[in-house]
Amino acid sequence: MITLAVVAVVLAVVLQFFSRALASDPRFQDRVGAGRTGLFSLALVGVAVVAVGFSTVVVIPAGHVGVQVLFGRVKPNALTEGIQFVNPFVDIEEMSVRTETYTMSATVTEGAVRGDDSIQALSSDGLLMPLDITIAFRLVGSDAPRVYRDIGADYVDKIIRPASRTAVREAIAGFTAQEAYSTKREALPQKMHDLLTDRMKALLNQREDFRGATGFIVDQVMLRKIQLPDKVKNAIEAKLEAAQQAEQMQFVLDKERQEAERKRIEAKGVSDFQTI
């Protein structure tokens, strides 16, 4: 829009100059061409004024913020959603602050990267486990200008992806294959979440102007699938089944002991009554 205004002003100036030249020429003083040219130049000025007026108004869509870039320099304040009035020479870069997901999966059509993009991680007992992970995160709106200036609009590839893969591997290293697959499966995503939050904060704080800023919020880390060899999976399931059977047997034995103790107390009560 501002480009249209500039072009209109330039044309108006040229036409105004041309109309004055015609008006000063005796050959054209009796003709209406110069007057029409002057009117047309005034119309172009009006178009330029309207274009400048429209270029000062922007609408930021819901779930986004606007980053203002003036002649290559990023302004520190982000524009919130709705109608905003800005410098007509400012370029607006819209950035989403909605919750987004990033999936790394072995399934070809599921992940953000085509092909097998699962995370290969070693458990504490040395077993290699491919993991399918989904990260739910969002950009902090007030930090959008800093993110755009220091990282860029492709922050997912530069920050979210590498930090996620590193955090997942670090988390898995503290769990055995059995714990990750079964007994501590709920605790594992929380550990990944905490490590991912710390990892992203450390990456951002390497820049002085990011210190004290949040940048991104990790809403949830979802452990979608743990791929184990069939032999390992069967062994873990057999071990868990044996443990469950042992617990059930212990429960039965405890119940029998309690029943025997109850009968003993009952018999002693009857004996004492008969003695009296």
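What comes next is a walk through the structure. (Residues numbered from 1 in each chain as written. Predicted model: local features only at pLDDT ≥ 70, side-chain atom pairs only at ≥ 80, totals over all residues. Heavy atoms only, no water.)

## Focus on the overall build of the protein
The condition that has to hold: Counting from the N terminus, the helices are the DSSP runs of H or I reaching at least four residues and the strands are the DSSP runs of E reaching at least two. Only protein chains enter the calculation, and the probe is 1.4 Å; a residue is then buried if its accessible area is under 20% of its type maximum, exposed if over 50%, and partly exposed in between. By definition, residues are in contact when any of their heavy atoms lie within 4.5 Å. Each accessible area is a Shrake-Rupley estimate made with a 1.4 Å probe; only the visible protein chains count as cover when residues are assessed.
The helix and strand tally for the protein stands at seven helices and nine strands. Counting over 276 residues, the protein shows a buried share of 35%. Here the analysis covers contacts within the protein between residues at least 6 apart in sequence; of these, 69% occur between residues at least 24 apart. Only carbon and sulfur atoms are counted for the fraction: they give 57% of the accessible area of the protein, which is about 17000 Å².

## Some thoughts on the sheet that holds strand S5 (residues 90–96)
Heads up, the rule is: Being paired, for any two strands, means DSSP has found at least two bridges between them.
Across the sheet, three strands lie side by side as S3-S2-S5; this open sheet has antiparallel pairing. Since the sheet does not close on itself, it has two edges, and those belong to strand S3 (73–74) and S5, each with one partner. The pairing of strand S2 (residues 64–70) with S5 spans seven bridges and is antiparallel. Along S5, the bridge assignment pairs Val 67 with Glu 93.

## Let's talk about the side chain of Asp 143
To be explicit about the condition: A 3.5 Å cut-off defines polar contacts: any pair of N or O atoms within that distance qualifies, except that in protein one atom must be a possible hydrogen donor and the other a possible acceptor, and neighbouring residues in sequence count only when both atoms are side-chain atoms.
Along the polypeptide, Asp 143 turns up in the loop between strand S8 (128–139) and helix H3 (144–150). Within the structure, Asp 143 has its side chain in polar contact with the backbone nitrogen of Gly 215 (distance 2.7 Å). If we skip the residues at most four places from it in the chain, Asp 143 touches Ala 213, Thr 214 and Gly 215.

## Here's the deal with the nonpolar core
Put simply, the rule is: Buried residues of nine kinds, namely Ala, Val, Leu, Ile, Met, Phe, Trp, Tyr and Cys, make up a nonpolar core once their side-chain atoms join them within 4.5 Å.
In this structure, Met 129, Leu 131, Ile 133, Tyr 155, Met 192 and Phe 216 are the most contacted members of the largest nonpolar core, which totals 46 residues. A total of nine residues in this core trace back to one element, the largest contributor, which is helix H4 (residues 155–172). The contact partners of Tyr 155, leaving out residues within four places of it in the chain, are Met 95, Ser 96, Glu 100, Phe 137, Leu 139, Val 147, Ile 160 and Phe 216.

## What about helix H6 (residues 187–204)?
Applicable threshold: Here, expected helix span is obtained from the residue count minus one, scaled by 1.5 Å.
The end-to-end C-alpha distance of H6 is 26 Å, a good match for the 26 Å that 18 residues give at a rise of 1.5 Å each. On its buried face, H6 is in contact with S8, H4, helix H5 (177–183) and strand S9 (216–226).

## Some thoughts on the pairing of S2
Along any regular strand the residues' side chains alternate between the sheet's two faces. Most of S2 is tucked away: six of the seven residues are buried. As judged from the two bridges shared by S2 and S3, these two strands associate in the antiparallel manner. Within S3, the residue paired with Leu 70 across the bridge is Arg 73.

## With respect to the pattern of salt bridges
Heads up, the condition is: Here, a salt bridge means any Lys or Arg side-chain nitrogen found within 4 Å of an Asp or Glu carboxyl oxygen.
All told, the structure shown has nine salt bridges when counted by the stated rule. The closest approach of N and O atoms between Glu 110 and Arg 224, which form a salt bridge, is 3.2 Å. Here Glu 110, found in the loop between strand S6 (100–104) and strand S7 (119–122), pairs with Arg 224, found in strand S9; they are 114 residues apart in sequence, far enough to count as distant. Accessibility expressed as a relative area gives 39% for Glu 110, which makes it partly exposed.

## Here's the deal with unusual backbone geometry
Excluding glycine, a negative phi dihedral is what most residues carry, and trans is how most peptide bonds are arranged. A positive phi angle, near 55 degrees, is found at Phe 71, a position not held by glycine. Residue position: Phe 71 is located in the loop between S2 and S3.

## Observations concerning the packing of H4 against H6
As a reminder of what qualifies: The axes used here are C-alpha line fits, helices contributing only the stretch in contact, and every angle between their N-to-C directions lies in the interval 0 to 180 degrees. Under this scheme an angle from 65 to 115 degrees is roughly perpendicular, one under 35 degrees roughly parallel, and one over 145 degrees roughly antiparallel; angles in between are oblique. Note: crossing handedness is left-handed where the near helix turns anticlockwise from the far helix by less than a right angle, and right-handed where it turns clockwise. Side-chain classes are defined by residue name, with Ala, Val, Leu, Ile, Met, Phe, Trp, Tyr, Cys and Pro counting as nonpolar, Asp, Glu, Lys and Arg as charged, and the others, Gly among them, as polar.
Their axes nearest at 8 Å, the elements H4 and H6 cross at an angle of 135 degrees. Compared by their axis directions, H4 and H6 come out oblique. Judged by the sense of rotation from one axis to the other, the crossing of H4 with H6 is right-handed. Along its contact with H4, which presents Ile 159, Ile 160, Ala 163, Ser 164, Thr 166, Ala 167, Val 168, Glu 170, Ala 171 and Ile 172, the element H6 presents Leu 188, Lys 191, Met 192, Leu 195, Leu 196, Arg 199, Met 200 and Leu 203. Class assignment for the residues of the contact of H4 with H6 results in 13 nonpolar, two polar and three charged.

So far we have only geometry, and geometry alone does not tell us how the molecule works.
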